[in-house]
Amino acid sequence: MRKFVIMGVQGSGKGTQSELLCADLDLVHISVGDIFRWNVQNHTKLGAQVKRTMAAGELVGDDLVESVVRERLDRHDWNYGFVVDGFPRNGRQAEFFMESYDIDAVIHLELPDGEVRRRVLSRRLCPNCGMDYNLIADRPEVEGRCDICGHQLVTRADDTPEALEARLRDYHEKTRPVLELFGRKEVVHGIDARPGADEVQQAIRDTLALPPYRPAPDSPAAPSTRPRPDSVTQTA
């Protein structure tokens, strides 16, 4: 059984690398952000609570985030292991996680702030069907139009220079210290996230002594294959 945590600043490719890692290793991808987004989109009680919190300009509290993670992992549908993406994001969450679960490795996707800005500020969203695009690596066939439904693409509400700078500050102040906590157990592995998705994935597998990566025809290497509504952006 393999139990991994994948960490990195926004735009480093956590979701993509998690999916590639899970694809042929029978691991379960657990994305805390996706769990919250699904609940908001489907108007659940949890989603309403998250939406109220975000509308007030606050972050979802540690108690709620921890309960969501615990409930998800308690399903035990991860017979061969899991990859947790988007958690933990601060010291308290890291302490909770280390006390509750034995982690084999923490994969830290390292990306300079300048590259983060380049990637994130190039993202576009279709407000009609939720498809993501990136003007660097995944441009639409018709400029400014969604390939799926033809709707006009927009910049995500949280992808402004000001919002990005706030997220970068939050990451460096709260999330990076988490790596120091995990580092005490010598399970943190830094991976250069600047190359292409396939190359980064192979570097992860080489570092963790996993079977080599063999891209499939429908490989989720492009981040835009994961439609994400822009109603919730930062969950912890």
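Residues numbered from 1 in each chain as written. Predicted model: local features only at pLDDT ≥ 70, side-chain atom pairs only at ≥ 80, totals over all residues. Heavy atoms only, no water.

Student: What exactly am I supposed to notice about the sheet that holds strand S4 (residues 105-110) here?
Tutor: Strands in a sheet are paired, the pairing made by backbone hydrogen bonds, and the direction either parallel or antiparallel. Strand order across the open sheet formed by five strands is S2-S3-S1-S4-S7, with parallel pairing between neighbours. On the outer flanks of this sheet lie strand S2 (28-31) and strand S7 (188-192), each paired with one strand and no other. Looking at each pair of strands side by side, their axes are set apart by 25° on average, direction ignored. Across four bridges, the pairing between S2 and strand S3 (residues 81-85) is parallel. Residue pairing across strands places Val28 opposite Phe82, the latter belonging to S3. (Pairing = 2+ DSSP bridges. Helix = DSSP H or I, 4+ residues; strand = E, 2+ residues; numbered from the N terminus. Axes fitted to C-alpha atoms, helices over the stretch in contact; angles between N-to-C directions.)

Student: How do you make sense of the UniProt feature "binding site: Zn(2+)" (unreviewed entry) in the protein when you look at a structure like this?
Tutor: Per the UniProt record, "binding site: Zn(2+)" (unreviewed entry) is found at Cys126, Cys129, Cys146 and Cys149. Taken together, the annotated residues stretch across 24 residues yet fold into one region, lying no more than 8.7 Å apart by C-alpha. By secondary structure assignment, the location of Cys126 is in the loop between strand S5 (123-125) and strand S6 (132-134). Setting aside residues up to four positions removed in sequence, Cys126 forms contacts with Met131, Cys146, Cys149, His151 and Leu153. Looking at the element boundaries, Cys149 is found in the loop between S6 and helix H7 (161-183). (UniProt positions renumbered as here; feature names shortened; annotations may be inferred. Contact = heavy atoms within 4.5 Å.)

Student: What is the right way to look at the nonpolar core in this model?
Tutor: The nonpolar side chains of a soluble globular protein tend to be buried with one another. Of all hydrophobic cores here, the largest spans 31 residues; its most connected members are Phe36, Phe97 and Phe182. With five residues, the top contributor of residues to this core is helix H4 (residues 62-73). What Phe182 contacts, discounting residues up to four positions off in sequence, is Met7, Pro88, Ala94, Phe97, Met98, Val106, Val187 and Val188. Counting residues in each nonpolar core, the second largest holds 23 residues, with Val9, Cys22, Ala105 and Ile204 among its members. (Core = buried A, V, L, I, M, F, W, Y, C linked by side-chain atoms within 4.5 Å. Buried < 20%, exposed > 50% of the residue type's maximum accessible area, 1.4 Å probe, protein only.)

Student: Please explain helix H2 (residues 32-41) as it appears in this structure.
Tutor: Helical periodicity: at 3.6 residues per turn, an α-helix aligns residues three or four positions apart in one direction. Listed as buried for H2 are Val32, Gly33, Phe36, Arg37, Asn39 and Val40. End-on view of H2: buried residues confined to an arc of 160°, all on one side of the axis. (Arc of directions from axis to C-beta.)

Student: Looking at this model, I keep getting lost on the packing of aromatic side chains. Mind explaining?
Tutor: All chains considered together, the criterion is met by four aromatic pairs. Arranged with centres 6.1 Å apart and planes meeting at 80°, the rings of Phe87 and Phe96 form a pair that is edge-to-face. You'll find Phe87 and Phe96 in the same group, each marked buried. Geometrically, the ring pair formed by Phe97 and Tyr101 is tilted, given 5.2 Å between the ring centres and 50° between the ring planes. There is no split in this pair, since Phe97 and Tyr101 are both buried. Connected via pairs of aromatic rings, a cluster forms that spans Phe87, Phe96, Phe97 and Tyr101. (Phe/Tyr/Trp six-rings, centres within 6.5 Å; stacked < 30°, edge-to-face > 60°.)

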